[in-house]
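# Examining the three-dimensional arrangement
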Amino acid sequence: MNDKELVEKIIELKKKKNAVILVHSYQRQEIHPVADFIGDSLALAREAAKTDADMIVFCGVDFMAESAKILSPKKKVILPSADAKCPMAMMANGDSLRKMKKKYPEAVVITYINSSAEVKAESDVVCTSANAVDIVEFYKEKKIIFTPDKHLGSYCKEVTGADIVLWDGYCYVHDEFSIGDIYIAKHEHPNCVLLVHPESPKDVLEIADFIGSTSQITRFVEENIGKLEDNEGFIIGTEVEIGNALQKKYPKERIYNLADHAVCTQMKRTTLDKVYNALLNEETEIFVDDDIRIKALKALDTMLELSEKFGSK
Ligand code: SF4
């Protein structure tokens, strides 16, 4: 089957099975036409929870499908590519976090959403890249253990002055951004504003004109593209799919990816073929033990309550 036929078959099958298809914004563009929702992992899981679908097909990586299961325990959650596992999420586990908590018993544990259900369950509160600074600010009178992303944790430490014990985890896609990448991009596109994701290293963040989550970067471009002079544009410092999607929407000469190497290969494991087979065979189903799910949900709910209070997006 070609892509067009596959898209038609998938749409037909998802109706028949009362399924909802979630597509993370780092997924291949070919997957986008079958999506009911496209966006960040938590926003997708929350959207799916509001539907009356029987099945959620999560085009993303393992921890994202787990988050969907945490919020929708009665729905069948399917990950089309069983080997789509986030390396950063695997850099922390329940045992290693319990050890760290024993070392700092007084600390509040703040865990980035890009983590396993098991690690979320050991945490006091979850955060996203969009609200991490606000969440850390809220707890800054206490000692904080921040897992698993050391760059996001270090950025929060820098902005809030909080006493944070950093976990030694990172997202390889953003960790590989360098001053050299910026030098080349700025040289090739001299009048462009540099927007970067806070999972990037400190020296990269220090030179950025804007630091934000993928949705904040996208919103910044949407709100400011109309104000640009003729020779100005944006350099997008996150996974290339965000820049690619913006290039589809706006004139190409306005949007550049910071570096072509910023590709999450785990995210790219999902293909249209796999989505079709996942729906057809209802595989691979994701399960989260109930005791872990309930504790992880508590940490997620705490974040949602705080986010509402701060008005973080
Ligand atoms: S982009 Fe980074 S954090 Fe996201 S799934 Fe890939 S490795 Fe994990």
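In what follows, the accompanying structure is described.

Moving on, we come to the side chain of Lys268. Residue position: Lys268 is located in the loop between strand E12 (255-257) and helix H13 (272-281). Classification of Lys268 as buried rests on a relative accessible area of 13%. In this view, Lys268 contacts Tyr26, Arg28, Glu239, Glu241 and Val263; residues no more than four positions away in its chain are not counted.

It is worth spelling out the sheet that holds strand E5 (residues 108-112) at this point. Pairing between sheet strands relies on hydrogen bonds along the backbone, with the strands arranged either parallel or antiparallel. Strand order in the open sheet made by the four strands is E6-E5-E7-E8, with parallel pairing throughout. Sheet topology places strand E6 (125-127) and strand E8 (164-166) at the edges, where each strand pairs with a single neighbour. The mean angle between the axes of side-by-side strands here comes to 30 degrees, regardless of whether they run parallel or antiparallel. By the bridge criterion, three bridges tie E5 to E6 in an arrangement that is parallel.

Among the residues of helix H11 (residues 214-224), those classed as buried are Thr214, Gln216, Ile217, Val221 and Asn224. Relative to the axis of H11, the buried residues are bounded by an arc of 165 degrees and lie together on one face. Where H11 is buried, its residues touch strand E9 (192-196), strand E10 (210-211), strand E11 (233-237), helix H12 (240-249) and E12.

Moving on to the packing of helix H2 (residues 41-50) against helix H3 (residues 62-71). Packed helices, taken two at a time, are described by their axes: the angle between them and the distance between them. The N-to-C vectors of H2 and H3 enclose an angle of 35 degrees; their axes lie 9 Å apart at closest approach. The chirality of how H2 crosses H3 is right-handed. Across the interface between the two elements, Ser41, Leu42, Ala45, Arg46 and Ala49 from H2 touch Phe63, Met64, Ser67, Ala68 and Leu71 from H3.

Our next topic: the packing of aromatic side chains. Within this structure, the stated rule accounts for four aromatic pairs. For the ring pair Phe138 and Tyr139, a centre distance of 5.0 Å and an interplane angle of 85 degrees mean the geometry is edge-to-face. Tyr139 gets classed as buried once you look at its relative accessible area, which sits at 13%. Three or more aromatic residues joined by ring pairs form one cluster here, namely Phe138, Tyr139 and Phe310.

Attention shifts here to the pairing of E5. Along E5, five of the five residues are buried, which leaves the element largely enclosed by surrounding structure. Burial of E5 is two-sided: the residues Val108, Ile110 and Tyr112 facing one way and the residues Val109 and Thr111 facing the other way are all buried. The sheet contact formed by E5 and strand E7 (residues 144-147) spans four bridges and is parallel. Bridge pairing in E7 links Thr111 to Thr147.

Rules used throughout
Residues numbered from 1 in each chain as written. Predicted model: local features only at pLDDT ≥ 70, side-chain atom pairs only at ≥ 80, totals over all residues. Heavy atoms only, no water. Helix = DSSP H or I, 4+ residues; strand = E, 2+ residues; numbered from the N terminus. Buried < 20%, exposed > 50% of the residue type's maximum accessible area, 1.4 Å probe, protein only. Contact = heavy atoms within 4.5 Å. Pairing = 2+ DSSP bridges. Axes fitted to C-alpha atoms, helices over the stretch in contact; angles between N-to-C directions. Arc of directions from axis to C-beta. Left-handed = near helix turned anticlockwise from the far one by under 90°. Phe/Tyr/Trp six-rings, centres within 6.5 Å; stacked < 30°, edge-to-face > 60°.

Limitation: the analysis is restricted to geometry and does not speak to function.
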